[in-house]
Amino acid sequence: MEPPLTIDTLRTLATLRGLELTDEELAGLLPVVQAGRSMAESLRGALAGDVEPASQYRIM
Amino acid sequence: MVELARLIRAREVSPVEVVQAHLDRIASLDGTLRSYITVMSDSALPAAKAAEAAATSGETLGPLHGVPVGLKDLYCTKGVKTTGGSRILSDWAPPEDATVVSRLAGAGAVVLGKLNMHEFAYGPEGVNPHYGSPRNPWDAVTHRICGGSSSGSGAAVAAGLCPGALGSDTGGSIRIPASLCGISGLKPTYGRVSRAGVLPLAWSFDHVGPMCRTAADCALMLGAMAGYDPRDPTTSVLPVPDYLAALTGTVKGLRIGVLRPFFMESAAAAQRRAVEQAVKTLEGLGASVHEVNLDTVELAAGASSAVIAAEAYAYHEAWIKKRPQEYGADVRERLRAGAFVSGADYVNGQRARVLMRNEVDAVLARLDVLAAPTTPISATPVDAGEVEIGGEKQPVRPTLIRFTRPFNATGHPAASIPCGFTAEGLPIGLQIVGRPFDEATVLRVADAYQRATDWHARRPPLSG
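Just so you know, these numbers come straight off a predicted model, no measurement behind them. (Residues numbered from 1 in each chain as written. Chains lettered and ligands numbered in written order. Predicted model: local features only at pLDDT ≥ 70, side-chain atom pairs only at ≥ 80, totals over all residues. Heavy atoms only, no water.)

**Observations regarding the overall build of chain A**
Along the backbone of chain A there are two helices and zero strands. For chain A, with 60 residues in total, the buried portion stands at 30%. Counting only carbon and sulfur atoms, one obtains 59% of the accessible surface of chain A, whose full area is about 3900 Å². (Helix = DSSP H or I, 4+ residues; strand = E, 2+ residues; numbered from the N terminus. Buried < 20%, exposed > 50% of the residue type's maximum accessible area, 1.4 Å probe, protein only. Areas by Shrake-Rupley, 256 points an atom, 1.4 Å probe, with all protein chains shown as cover.)

See below:
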């Protein structure tokens with residue numbers, strides 16, 4: 001389980017990625033990023049086993 | 001389009017008259033519908049005259065000789081503004097055509113203009129803060145969404161402002177507006193149609209395809225567009241079949257799998273009823289019907305979210321950092337969220353796609369096509385954030401893409417065709433999913449259904 005994201009940690013991450021965001025923008029973005037992290041976590045749980053990624057997609 | 005092409009070939013109608021009639025209708029109705037961003041009268045009329053001159057001299061330019069089409073405004077058109085529905089590219093005129101645009105022109109099609117869309121294709125509602133949100137032609141009173149992102153394509157075809165259009169589909173952006181606007185649309189197999197010269201949303205999820213009144217029209221357009229393209233390394237070298245010849249009018253002996261869990265069971269009552277009835281119609285035409293469940297379909301949301309967000313961010317990173325205020329608020333926020341997807345999350349999304357693809361392939365080893373509602377709901381008012389299904393409130397955006405995005409993740413071909421209307425008179429779509437590179441069977445089922453029903457022949461209540 002990853003630690004919950006806060007406005008302050010999101011601000012730090014955004015700055016590291018070169019994004020300058022206002023407090024209002026950070027507040028709007030937080031639930032969107034949080035939802036993405038939750039979905040990614042549930043995906044990790046479902047991917048037990050040896051599955052390779054589809055990096056080259058169905059070329060025939 | 002099939003009939004129009006035949007009439008032009010037989011010199012019973014003039015390409016100039018056809019193109020002028022469409023331009024007149026655009027002038028009359030599009031102030032309200034907002035389906036076009038750029039109308040190309042200056043090039044469409046000379047192209048129509050050239051088509052007419054060729055027809056007069058007995059020359060055939062191709063299967064779409066003199067037939068007008070519209071292009072979603074993310075297809076590059078040489079010297080003609082290609083905005084992506086955004087202010088970011090409001091004045092950009094590409095140096096060359098997208099491959100599919102060249103192929104349609106080579107087949108004789110006449111381009112009427114560039115169609116409105118959700119900004120950079122990043123939204124299933126099809127709204128647009130920069131060029132005005134297209135209005136669903138099926139409701140003259142309430143401003144309802146057309147579905148997106150190819151909203152202008154859906155509205156224009158439904159309203160008769162072009163007989164066929166190009167859409168693009170990353171999470172359902174051809175099939176959702178086809179469903180909500182009461183037209184036919186096909187997302188081909190990933191690799192069947194070139195994406196070269198098409199502004200990307202997410203390279204590994206993007207599909208290019210036709211949106212028309214009928215499945216037969218989609219077959220005609222697909223045949224002109226499909227095939228290997230050295231400009232797009234993901235295109236297949238498999239030969240392109242004659243899609244029109246595949247429309248035999250029969251489904252006798254075909255095996256249809258009905259997707260009930262996840263799909264039928266979470267759709268609104270009107271959608272469930274219409275699709276159940278459509279399946280019965282196909283059964284009555286000689287197909288056998290089987291129950292199907294896809295266990296991995298629940299992975300679609302997580303896989304799509306991680307992969308699309310990361311790929312979209314990679315494409316937009318420089319603009320979103322330097323010119324964020326030029327994006328609409330919704331797309332700006334979605335793009336920024338992509339900055340926080342980890343490399344592992346992206347790869348896990350691609351791994352989940354393999355599981356999903358393998359399961360759909362296995363199911364389609366014993367069945368010919370799958371059937372489900374295209375969308376759980378019909379067109380909502382443009383400002384509705386939520387919709388009620390079975391007494392439960394659901395957010396509009398994820399609800400719209402719930403049934404379509406699994407097949408962007410797997411790459412299977414999928415069509416949407418009209419199969420009924422709600423009590424409010426809003427269209428309902430039937431989704432038909434086929435085996436990889438077997439668009440012919442998907443179109444055959446869709447066409448046979450349309451020969452037996454008249455949902456696709458109904459027209460929205462427009463004056464003009």
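**Comments concerning the environment of R451(B)**
Residues and elements named next belong to chain B. Locating R451 in the fold gives a position in helix α14 (residues 439-452). Assessed through its relative accessible area of 53%, R451 is described here as exposed. Along the primary structure R451 and Y122 are separated by 329 residues, whereas in three dimensions their C-alpha atoms are 35 Å apart. Engagement of the side chain of R451 in a polar contact is seen with the backbone oxygen of L247, the distance being 3.0 Å. (Polar contact = N/O pair within 3.5 Å; in protein donor to acceptor, adjacent residues only side chain to side chain.)

**What to know about the interface of chain A and chain B**
Facing 29 residues of chain A, the contacting portion of chain B comprises 38 residues. Carbon and sulfur atoms supply 65% of the area that chain A and chain B bury against each other, a total of about 2900 Å² over both sides. Here chain A and chain B share two salt bridges between them. E25(A) is the salt-bridge partner of R336(B), the closest N and O atoms lying 3.2 Å from each other. Our count for the contact surface shared by chain A and chain B stands at six residue pairs in polar contact (both at pLDDT 80 or more). Secondary structure elements with two or more residues in the side of chain A that touches chain B: α1 (7-16) and α2 (23-46) of chain A. A per-element tally of the side of chain A that touches chain B places α2(A) first, with 11 residues. The class makeup of the residues in the side of chain A that touches chain B is 19 nonpolar, four polar and six charged. (Contact = heavy atoms within 4.5 Å. Buried area = accessible area lost by both parts, 1.4 Å probe. Salt bridge = Lys/Arg side-chain N within 4 Å of Asp/Glu carboxyl O. Nonpolar A, V, L, I, M, F, W, Y, C, P; charged D, E, K, R; others polar.)

**As for the packing of α2(A) against helix α11 (residues 343-363) of chain B**
The geometry of α2(A) relative to α11(B) is characterised by a closest axis approach of 10 Å and an angle of 50° between their N-to-C directions. Here α2(A) lies oblique to α11(B), going by the angle between them. Pair α2(A) / α11(B) crosses with left-handed handedness. Within the contact between the two elements, α2(A) uses A40(A), L43(A), R44(A) and A46(A) and α11(B) uses D345(B), N348(B), G349(B), A352(B) and L355(B). In terms of residue class, the contact of α2(A) with α11(B) is made up of five nonpolar, two polar and two charged. (Axes fitted to C-alpha atoms, helices over the stretch in contact; angles between N-to-C directions. Parallel < 35°, antiparallel > 145°, perpendicular 65-115°, else oblique. Left-handed = near helix turned anticlockwise from the far one by under 90°.)

**Considerations on α2(A)**
Between its first and last C-alpha, α2(A) extends 35 Å over 24 residues, near the 34 Å set by a 1.5 Å rise per residue. Remark: the principal bend of α2(A), roughly 30°, maps to L29(A), with a proline, P31(A), within the next four residues. Next to the buried residues of α2(A) lie α1 of chain A together with α9 (300-322), α10 (329-337) and α11 of chain B. (Expected span 1.5 Å × (residues − 1). Bend = angle between axes of the 7 residues up to and from the residue.)

**Points about the nonpolar core**
Residue and element names in this part refer to chain B. Residues L64, Y75, L104 and L443 are the most contacted members of the largest nonpolar core, which totals 104 residues. If one sorts the elements of this core by residue count, helix α7 (residues 215-225) sits on top with nine residues. Ignoring sequence-local partners within four residues, the contact set of Y75 consists of T82, A98, V100, V101, K114, L166, G167, S168, G197, V198, V208 and G209. (Core = buried A, V, L, I, M, F, W, Y, C linked by side-chain atoms within 4.5 Å.)

**Overview of the environment of R103(B)**
Residue and element names in this part refer to chain B. Mapped onto the secondary structure, R103 falls in helix α4 (residues 99-106). Classification of R103 by relative accessible area gives partly exposed; the value is 22%. In this structure the C-alpha to C-alpha distance between R103 and M221, which are 118 residues apart in sequence, comes to 10.0 Å. Setting aside residues up to four positions removed in sequence, R103 forms contacts with A224, M225, A226, G227, Y228 and D229. There is a polar contact of 3.3 Å between the side chain of R103 and the backbone oxygen of A226.

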